[in-house]
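Spelled out from the first residue to the last, the chains are:
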Amino acid sequence: DAGVTQSPTHLIKTRGQQVTLRCSPKSGHDTVSWYQQALGQGPQFIFQYYEEEERQRGNFPDRFSGHQFPNYSSELNVNALLLGDSALYLCASSLGRGDNQPQHFGDGTRLSIL
Amino acid sequence: AQKVTQAQTEISVVEKEDVTLDCVYETRDTTYYLFWYKQPPSGELVFLIRRNSFDEQNEISGRYSWNFQKSTSSFNFTITASQVVDSAVYFCALSENSGGGADGLTFGKGTHLIIQP
């Protein structure tokens, strides 16, 4: 039973560039959430996708956008990268229905901005 | 707005000691969910427990136990007879029920637990 998988594992970009991170949910899950975790901090909720639409969003600017595909996998796009975007980006999957099923996390993508 | 506070930034104990990690939360909703996650050095967040706001029963799972008290808005986590493998960062998280399905989690800043041999 494959868990949540994310790619790439590490990524180095420069300011102003754009980046795309990818996530495949755990088998049987239909909802994908993205989080940003700065060093020494707790994860912060970016947004959540369900049925290929953004269902909920945290306090992040429009530079952060996403997409969910029919097979439930998801992408996180960040435009006009800033130094402050350097962080571990975590993807979590869950079941979209029911009483708040626990989210299962991937290993994350570590993004470094130079 | 919802908020989770983990006042203990770092705790260091010697193996076999008991240790309690504190979590205090704030929410305006009457229906909400509380979680604990473990993050080892590898980075992956490992789900430990979920508790909804209507279930105040304490829970025990092996060496782990959780104490949920709505009166003090706390959801504390105790590890009994700690082991070196318990060393990790532990996060408490809160989710409000916006009408169905899993919602975005609000995390605390985490407690770094160090178990010394």
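Details of the structure are given in the entry above.
We now turn to the structure provided with this report. (Residues numbered from 1 in each chain as written. Chains lettered and ligands numbered in written order. Predicted model: local features only at pLDDT ≥ 70, side-chain atom pairs only at ≥ 80, totals over all residues. Heavy atoms only, no water.)

1. Observations concerning the pairing of strand β3 (residues 19-24) of chain A
All names here are of chain A.
Moving on, step 1. In terms of strand pairing, strand β1 (residues 5-7) meets β3 through three bridges, oriented antiparallel. Of the residues in β3, the one forming a bridge with S7 is R22.
Moving on, step 2. Alignment of β3 against strand β8 (residues 74-78), held across five bridges, turns out to be antiparallel. Paired with C23 across the two strands is S74, which belongs to β8. (Pairing = 2+ DSSP bridges. Helix = DSSP H or I, 4+ residues; strand = E, 2+ residues; numbered from the N terminus.)

2. Points about the layout of surface pockets
Moving on, step 1. For the largest pocket, the calculated volume is near 420 Å³.
Moving on, step 2. Of all the secondary structure elements, the ones that give two or more residues to the lining of the largest pocket are β5 (44-50) of chain A together with β11 (106-107) of chain B.
Moving on, step 3. Roughly 270 Å³ of internal volume is contained in the second largest pocket.
Moving on, step 4. Mapped by element, the contributors of at least two residues to the lining of the second largest pocket are β10 (88-96) and β12 (111-116) of chain B.
Moving on, step 5. Across the lining of the second largest pocket, the residue classes break down as seven nonpolar, nine polar and two charged. (1 Å grid on protein atoms, 1.4 Å probe; cavity = no way out; pocket = protein on both sides within 12 Å on 5 of 7 lines; lining within 4 Å. Points joined across faces, edges and corners; volume = space filled by probe spheres on them. Nonpolar A, V, L, I, M, F, W, Y, C, P; charged D, E, K, R; others polar.)

3. Considerations on the interface of chain A and chain B
Moving on, step 1. Each partner contributes residues to the interface: chain A has 25 residues there, and chain B has 22 residues.
Moving on, step 2. Buried surface at the junction of chain A and chain B, both sides included, amounts to about 1,800 Å², of which 47% is carbon and sulfur.
Moving on, step 3. Viewed at the interface, chain B and chain A are joined by zero salt bridges.
Moving on, step 4. For the pair chain A and chain B, the interface holds four residue pairs in polar contact (both at pLDDT 80 or more).
Moving on, step 5. Ranked by the residues each element gives to the side of chain A that touches chain B, the list is headed by strand β9 (residues 87-94) of chain A, at three residues.
Moving on, step 6. When its residues are assigned to classes, the side of chain A that touches chain B shows eight nonpolar, 13 polar and four charged. (Contact = heavy atoms within 4.5 Å. Buried area = accessible area lost by both parts, 1.4 Å probe. Salt bridge = Lys/Arg side-chain N within 4 Å of Asp/Glu carboxyl O. Polar contact = N/O pair within 3.5 Å; in protein donor to acceptor, adjacent residues only side chain to side chain.)

4. Description of the nonpolar core
Moving on, step 1. Within the largest apolar cluster, 23 residues are counted, with the highest numbers of intra-cluster contacts made by W36, F77 and Y90 of chain B.
Moving on, step 2. Among the secondary structure elements, those contributing two or more residues to this core are β2 (10-14), β3 (19-21), β5 (32-39), β8 (64-69), β9 (74-79), β10 and β12 of chain B.
Moving on, step 3. Broken down by element, this core gets its largest block of residues, four residues, from β10 of chain B.
Moving on, step 4. Listed in part, the 19 residues of the second largest apolar core include V4, V19, A87 and I113 of chain A. (Core = buried A, V, L, I, M, F, W, Y, C linked by side-chain atoms within 4.5 Å. Buried < 20%, exposed > 50% of the residue type's maximum accessible area, 1.4 Å probe, protein only.)

5. Regarding the packing of aromatic side chains
Moving on, step 1. Scanning the model with the defined rule gives 19 aromatic pairs over all chains in all.
Moving on, step 2. Ring geometry for Y25 of chain B against Y32 of chain B: centres 5.2 Å apart, planes inclined by 50 degrees, an arrangement best described as tilted. Residue Y25 of chain B shares its accessibility class with Y32 of chain B, and that shared class is buried.
Moving on, step 3. Note on F68 of chain B and F75 of chain B: the rings are 5.8 Å apart at their centroids and 80 degrees apart in plane angle, and the pair reads as edge-to-face.
Moving on, step 4. Members of the aromatic cluster, joined through ring pairs, are Y35, F45 and F105 of chain A together with F35, Y37, F47, F91 and F107 of chain B. (Phe/Tyr/Trp six-rings, centres within 6.5 Å; stacked < 30°, edge-to-face > 60°.)

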